[in-house]
Each structure stands twice: as structure tokens, then as C-alpha cells.
Amino acid sequence: MNNKDKKKLQLDLAKTNLDKFFKLLESRYCPEMDSNYIKEIKRISEGFNIRLKREQKLKFCKKCNSHLNTKSKKIRINPKTCAVEHICSNCGDVKRFKFEK
């Protein structure tokens, strides 16, 4: 097995692990472990240089590592900056996503 095959195998395993952690996060089987799941998701994505999709990024707060659902975040539209803002209710961190008029 050469280097390219090893890297591709590692990348595939990392992607399956990311999917498993996102499923665990969504299942809410053990809510007190959510921050650990999020830390692992961040570690894997940074370590293997995997970009997270927009939907995946909206599932957790980058600042406080908390799971964001409809109860733990506020969503508002800011007409000045033409952006949709997702505000974490734990730490107040804001994620902005631009939209076209």
C-alpha cells in the first residue's frame, strides 16, 4: 500500500467518524457528552483538513462548544449587513451568513 492509498483510507475513515459523531450529536442520547462530541468533530476536521458544510456548522457553537438547536439559539435577519445571524444563547456568539437581496 503506497502513501496515496493510506491517505485516502485515512480520509475516508475520518469522514465516517465525522458522520458518526454528528449522528450521536443529533440523537441526544447523552446530552452531557455533547461538548466532547463537538471537540472530537473539530479535532478531526482540523486534523484531516475536512471542510464542514453549512448545515454542520450550524449544529454547534465554535466559542463555547455547545449544541445549538431551536431552543438554544436565536435567528434573526440583519438588514444593515444583509446577513442571517445565529446567536448562541449560552455565550452570545454570533454567526453571520450573507444573503442576496
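Before any of the text, the structure's been laid out above.
Described below are features of the structure shown in this document.

Next up on the list: the side chain of Asp 34. Checked against the element boundaries, Asp 34 lands in helix H2 (residues 34-47). Sequence-distant contacts of Asp 34, that is, excluding residues within four places in its chain, are made with Leu 25, Arg 28 and His 67.

Further remarks concern the layout of surface pockets. Over the atoms, a rolling probe the size of a water molecule traces out where space has been left empty. Approximately 270 Å³ is the volume found for the largest pocket. The class makeup of the residues in the lining of the largest pocket is four nonpolar, one polar and six charged.

A few words on the pattern of salt bridges. Applying the stated criterion across every chain, the model contains three salt bridges. Between Glu 85 and Arg 76 there is a salt bridge, and its shortest N-O distance comes to 2.6 Å. Among the charged side chains, a network of salt bridges with common partners joins Arg 76, Glu 85 and Arg 96.

Pairs of aromatic rings are described using the distance from one ring centre to the other and the angle between the two planes. This structure, assessed with the given rule, holds one aromatic pair. Centre to centre, the rings of Phe 21 and Tyr 37 are 6.2 Å apart; their planes meet at 45°, and the pair counts as tilted. Placement of Phe 21 in helix H1 (residues 3-27) and of Tyr 37 in helix H2 is noted, with a sequence separation of 16 residues between them. An identical accessibility class is assigned to Phe 21 and Tyr 37; each is buried. The ring of Phe 60 carries the charged tip of Lys 95 above its face, separated from the ring centre by 5.5 Å.

The rules behind these values
- By convention here, each chain's residues receive numbers from 1 onward along its written sequence.
- Per-residue local features of the predicted model are confined to residues with pLDDT of at least 70, and side-chain atom pairs are confined, for both listing and counting, to 80 or more; whole-chain, interface and lining totals are unaffected and use all residues.
- To obtain the side-chain values, all non-hydrogen atoms of the structure were included, while hydrogens and water were left out.
- Segments assigned H or I by DSSP are reported as helices when at least four residues long, segments assigned E as strands when at least two residues long, and all are numbered from the N terminus.
- Throughout, a residue-residue contact means that at least one pair of heavy atoms, one from each residue, lies within 4.5 Å.
- Cavities and pockets were defined on a 1 Å grid built over protein atoms only: a cavity is a set of grid points that admits a 1.4 Å probe from which the probe cannot escape, a pocket is an open set flanked by protein on both sides within 12 Å along at least five of seven lines, and lining residues are those with an atom within 4 Å of any such point.
- Grid points are joined across faces, edges and corners, and a volume is the space filled by probe spheres set on the points.
- Polar here means any residue other than Ala, Val, Leu, Ile, Met, Phe, Trp, Tyr, Cys and Pro, which are nonpolar, and Asp, Glu, Lys and Arg, which are charged; Gly is therefore polar.
- Every case where a carboxyl oxygen of Asp or Glu lies within 4 Å of a side-chain nitrogen of Lys or Arg is listed as a salt bridge.
- Only rings of Phe, Tyr and Trp enter the pairing, Trp through its six-membered ring, and a pair is recorded when the two centres are within 6.5 Å. The plane angle decides the type: under 30 degrees is stacked, over 60 is edge-to-face, the rest tilted.
- Each residue is assigned to one of three classes by its accessible area relative to the maximum for its type, calculated with a 1.4 Å probe on protein chains only: buried under 20%, partly exposed between the two thresholds, exposed over 50%.
- Placement of a positive charge over a ring is assigned whenever Lys NZ or Arg CZ falls within 6 Å of the ring centre and within 35 degrees of the normal to the ring plane.

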